[in-house]
Amino acid sequence: MTYGDMDSRQSVPSAAVGGLAFAASVMVMVGSFSVVAGLAAILDDDYLVVSRRYAFDLDTVAWGWIHLVLGLAFVAVGVGLFANKSWAGMVAIVLAGLIAIDYFFFIPFQPVWSLVVIALCAWVIWALTRARQEES
């Protein structure tokens, strides 16, 4: 059974529905913040500052585009989860993993926010996989 295959006769545990709704909310929120951070990095080259000894030295504008694209995708998939689309569950898990990896490499730029986003992405993955378990 997928997220979109549920009809009114089937009951889904309320914890699964609550977990999906909260995961979708977190995805829209984190995605929106990533879009803003991406736009800030694209429009202002001095927005991000990192030490010269960072191994993954990408241009500020490159980080901005990465955040912008992933953030827009995260928002779109979060909206798809709210709409109970069948494709949104698996795409959300993959995207949350990609965002977590992105912010892992972003730790030298914004350490506290990066760790918060990684933790939220881990929670989104847990909530989505837990909801799938409770459906079956």
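Just above sits the structure.
The following refers to the structure shown. Just so you know, these numbers come straight off a predicted model, no measurement behind them.

### Notes on the overall build of the protein chain
Right, on to step 1. Helix and strand counts for the protein chain stand at four helices and zero strands.
Right, on to step 2. For the protein chain, the sequential pattern of α-helices and β-strands runs α-α-α-α.
Right, on to step 3. Here the protein chain holds 136 residues, and the buried ones make up 38% of them.
Right, on to step 4. In the protein chain, the proportion of contacts linking residues at least 24 apart, taken out of those at least 6 apart, comes to 69%.
Right, on to step 5. As displayed, the protein chain has an accessible area near 7,500 Å², and 67% of this comes from carbon and sulfur atoms.

### Some points on the packing of aromatic side chains
Right, on to step 1. Scanning all chains against the criterion turns up eight aromatic pairs.
Right, on to step 2. On the basis of an interplanar angle of 75° and a centroid distance of 5.6 Å, the ring pair of Phe33 and Trp113 is categorised as edge-to-face. Here Phe33, found in helix H1 (residues 14-43), pairs with Trp113, found in helix H4 (residues 111-135); they are 80 residues apart in sequence, far enough to count as distant.
Right, on to step 3. Exposure remark for Phe33: the relative accessible area of 42% places this residue in the partly exposed category.
Right, on to step 4. Each ring, one from Phe104 and one from Phe105, has its centre 5.5 Å from the other, and the planes form 75°; the classification is edge-to-face.
Right, on to step 5. Take Phe104: its relative accessible area is 52%, and that puts it in the exposed class.
Right, on to step 6. The class for Phe105 is partly exposed, based on a relative accessible area of 26%.
Right, on to step 7. Taken together through their ring pairs, the aromatic side chains of Trp63, Tyr103, Phe106 and Phe109 make up a single cluster.

### Re helix H3 (residues 88-105)
Right, on to step 1. For H3, which comprises 18 residues, the first-to-last C-alpha distance of 25 Å matches the rise-based estimate of 26 Å (1.5 Å per residue) to within 8%.
Right, on to step 2. Residues of H3 that are buried include every one of Ala88, Gly89, Ala92, Ile93, Leu95, Ala96, Ile99, Ala100, Asp102 and Tyr103, and no others.

### Looking at the nonpolar core
Right, on to step 1. Met27, Phe74, Leu81, Ile99, Cys121, Val124 and Leu128 are the most contacted members of the largest nonpolar core, which totals 28 residues.
Right, on to step 2. Looking at this core, the elements that each hand over two or more residues are H1, helix H2 (60-82), H3 and H4.
Right, on to step 3. The element contributing the most residues to this core is H3, with eight residues.

### Some thoughts on the packing of H2 against H3
Right, on to step 1. Put simply, H2 and H3 touch, their axes get as near as 10 Å, and they point 155° apart. As judged from the angle between their axes, H2 and H3 are roughly antiparallel. When you trace H2 past H3, the crossing you get is left-handed. Residue-level inspection shows Trp63, Ile66, His67, Leu70, Ala73, Phe74, Val77, Gly80 and Leu81 of H2 in contact with H3, the latter providing Ala88, Gly89, Val91, Ala92, Leu95, Ala96, Leu98, Ile99, Asp102, Tyr103 and Phe105.
Right, on to step 2. Partitioned by chemical class, the residues of the contact of H2 with H3 number 16 nonpolar, three polar and one charged.

### Quick word on H2
Right, on to step 1. Its 23 residues place the ends of H2 33 Å apart at the C-alpha level, agreeing with the 33 Å of an ideal helix rising 1.5 Å per residue.
Right, on to step 2. Residues Thr60, Trp63, Gly64, His67, Leu68, Leu70, Gly71, Phe74, Val77, Gly78, Gly80 and Leu81 constitute the buried set of H2.
Right, on to step 3. Within two residues after H2, Asn84 carries a phi angle of roughly 60°, on the positive side.

### Re a negative patch on the surface
Right, on to step 1. A grouping of Asp44, Asp45, Asp46 and Asp59 is seen on the molecular surface, where their side chains present a negatively charged patch.
Right, on to step 2. Within the element layout of this structure, Asp46 appears in the loop between H1 and H2.

Rules used throughout
- Residues numbered from 1 in each chain as written.
- Predicted model: local features only at pLDDT ≥ 70, side-chain atom pairs only at ≥ 80, totals over all residues.
- Heavy atoms only, no water.
- Helix = DSSP H or I, 4+ residues; strand = E, 2+ residues; numbered from the N terminus.
- Buried < 20%, exposed > 50% of the residue type's maximum accessible area, 1.4 Å probe, protein only.
- Contact = heavy atoms within 4.5 Å.
- Areas by Shrake-Rupley, 256 points an atom, 1.4 Å probe, with all protein chains shown as cover.
- Phe/Tyr/Trp six-rings, centres within 6.5 Å; stacked < 30°, edge-to-face > 60°.
- Expected span 1.5 Å × (residues − 1).
- Core = buried A, V, L, I, M, F, W, Y, C linked by side-chain atoms within 4.5 Å.
- Axes fitted to C-alpha atoms, helices over the stretch in contact; angles between N-to-C directions.
- Parallel < 35°, antiparallel > 145°, perpendicular 65-115°, else oblique.
- Left-handed = near helix turned anticlockwise from the far one by under 90°.
- Nonpolar A, V, L, I, M, F, W, Y, C, P; charged D, E, K, R; others polar.
- Patch = residues over 30% accessible without salt bridge, like charges linked within 9 Å, V, L, I, M, F, W, Y side chains within 5 Å.
- Salt bridge = Lys/Arg side-chain N within 4 Å of Asp/Glu carboxyl O.
- Lys, Arg positive; Asp, Glu negative; His and termini not counted.
- Charge placed at Lys NZ, Arg CZ, Asp CG, Glu CD.

Any link to function would need more than the numbers given here.
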